[in-house]
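Analysis of the macromolecular model
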Amino acid sequence: MGTIRELSSGDKHVHMLITNSNLAEIYVYDILRAKCRADSESIYRIEKATDFKEMLELVGMQPYLADKWLFIINYSKLKSNVKNKIGILESETACFLITVKNYADYKEFKQLYPRVNDMYLSFMREPEIGYLLHPFGLSQKSIEFVARSYGRDPDRVFELLKELKNGAKIETQKDIVNICGASAGSIAHFAISLLSDPPSTDKGERTVIRNRIKEAEDLIDAYGMKTFRNFLVSTVKDILDIKTLYMEGVIYKSIRDIPECYDEKRLSKYNYYFRRITEEIPYGRLVRLYVELRQQGAWYSKAQMLQFIYNYYGGCVDGITG
């Protein structure tokens, strides 16, 4: 898979993008425009057959006021045109950005032109986020928080990037939340950690409890006590619903086509954890975590969070979760 860092590479002149983020698309466009030193007269969006024909006429010439042409080709609309003239992508006078609307088209073009820098920016991984944010002095811990919280919402990552370019200072995770808004992503990661196999030794128990407490404290600092606890309860309920749907045979490989009484858009955000939820986490452990959270009620102090952690892991070590 390609990367955004290859956009500026002199070795790559054909790039492919799939994303649901307008800000990600603008970022890629701006980088390629700067790379080509292109202006409005040398940038063309190729959306229909007549556009494609015009591109074929232009690509043999050197642009007058730019280093290279920048052609943005909608592959999903122009598959046959591109396939019939695939050799045009070897032109030395142009840079090409191939846009696709779905993963099937993404895979198809990758097979058609294997040397493409293929960027899948519907989801952003930690290395990509680090490449964007490290230059602004963000710590590795902050970058990991951004990846967990907003990796599935690239618009928020690029909104953070924009604010950093405008001079915003990031010192804590709360600073990130203030810019990007609340997200259940990092809390989903915390919930999955709670649902992992319990420690089997006293030393392992102490280590796990210490790590979970530190994670919880960081999330409380970022979101506040009430919001963190509410997000955690709703996240565990979502995971419980997914497990139930799987056990009932409603879903199999992914979260889709579920009954209308469930929020499919909301639950589909957990597809990243689908295998872990359905195959690795026992139903009884899920139920016990959910009941533990609901029975304790609202948290008003750190002591209540600590009590929850110790009660939950005390049960795990005693073998209550199986």
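Before any of the text, the structure's been laid out above.
Everything in this summary refers to the structure shown in the same document. (Residues numbered from 1 in each chain as written. Predicted model: local features only at pLDDT ≥ 70, side-chain atom pairs only at ≥ 80, totals over all residues. Heavy atoms only, no water.)

Considering the overall build of the protein chain
A tally of helices and strands in the protein chain yields 15 helices and five strands. Based on the C-alpha atoms only, the size of the protein chain along its principal axes is roughly 75 × 50 × 35 Å. Counting over 322 residues, the protein chain shows a buried share of 46%. Counted over contacts in the protein chain with a minimum sequence separation of 6, partners at least 24 positions apart contribute 74%. Total accessible area on the protein chain stands at roughly 16600 Å², and carbon and sulfur atoms take up 48% of it. (Helix = DSSP H or I, 4+ residues; strand = E, 2+ residues; numbered from the N terminus. Buried < 20%, exposed > 50% of the residue type's maximum accessible area, 1.4 Å probe, protein only. Contact = heavy atoms within 4.5 Å. Areas by Shrake-Rupley, 256 points an atom, 1.4 Å probe, with all protein chains shown as cover.)

Section: the environment of K48
Assignment of secondary structure puts K48 in the loop between β2 (43-46) and α2 (49-58). Given the relative accessible area of 47%, K48 is considered partly exposed. Between the C-alpha atoms of K48 and G130, which are 82 residues apart in sequence, the distance is 37 Å.

Some words on helix α1 (residues 22-36)
Under the 1.5 Å per step criterion, the end-to-end length of α1 is 21 Å for 15 residues, consistent within 8% with the ideal 21 Å. Among the residues of α1, those classed as buried are A24, Y27, V28, L32 and C36. Projection of α1 onto a plane perpendicular to its axis shows the buried side chains occupying an angular sector of 155°, all on one side. Opposite the buried face of α1, at more than 90 degrees from it, the exposed residues are N22 and A34. The inward-facing, buried residues of α1 abut β1 (14-18), β3 (69-74), β4 (94-99), β5 (117-120), α5 (126-133) and α7 (154-165). Where α1 begins, one side-chain oxygen reaches toward the backbone nitrogen of L23, 3.4 Å away; that side chain belongs to S21. Once α1 ends, the next one or two residues include R37, with phi positive near 50°. (Expected span 1.5 Å × (residues − 1). Arc of directions from axis to C-beta. Polar contact = N/O pair within 3.5 Å; in protein donor to acceptor, adjacent residues only side chain to side chain.)

With respect to the nonpolar core
The biggest cluster of nonpolar side chains holds 78 residues, and the ones touching the most others in it are L133, F228 and L232. Here the element with the most residues in this core is helix α11 (residues 225-247); it accounts for nine residues. Not counting residues within four places of it along the chain, the set of residues in contact with L133 comprises L138, I143, V146, L160, L161 and L164. With 24 residues, the next largest nonpolar core counts I18, V82, I88 and V116 among its residues. (Core = buried A, V, L, I, M, F, W, Y, C linked by side-chain atoms within 4.5 Å.)

Examining the packing of aromatic side chains
Inspection of the entire model under this criterion finds 20 aromatic pairs. Of the aromatic side chains, those joined through ring pairs into one cluster are F190, F228, W299, F308, Y312 and Y313. Positioned over the ring face of Y272 is R152, at 4.2 Å from the centre of the ring. (Phe/Tyr/Trp six-rings, centres within 6.5 Å; stacked < 30°, edge-to-face > 60°. Lys NZ or Arg CZ within 6 Å of the ring centre and 35° of its normal.)

A word on the side chain of S149
Of note, S149 is situated in helix α6 (residues 140-150). Polar side-chain contacts of S149 include one of 3.1 Å to the side chain of S186. Setting aside residues up to four positions removed in sequence, S149 forms contacts with S183, G185, S186 and Y223.

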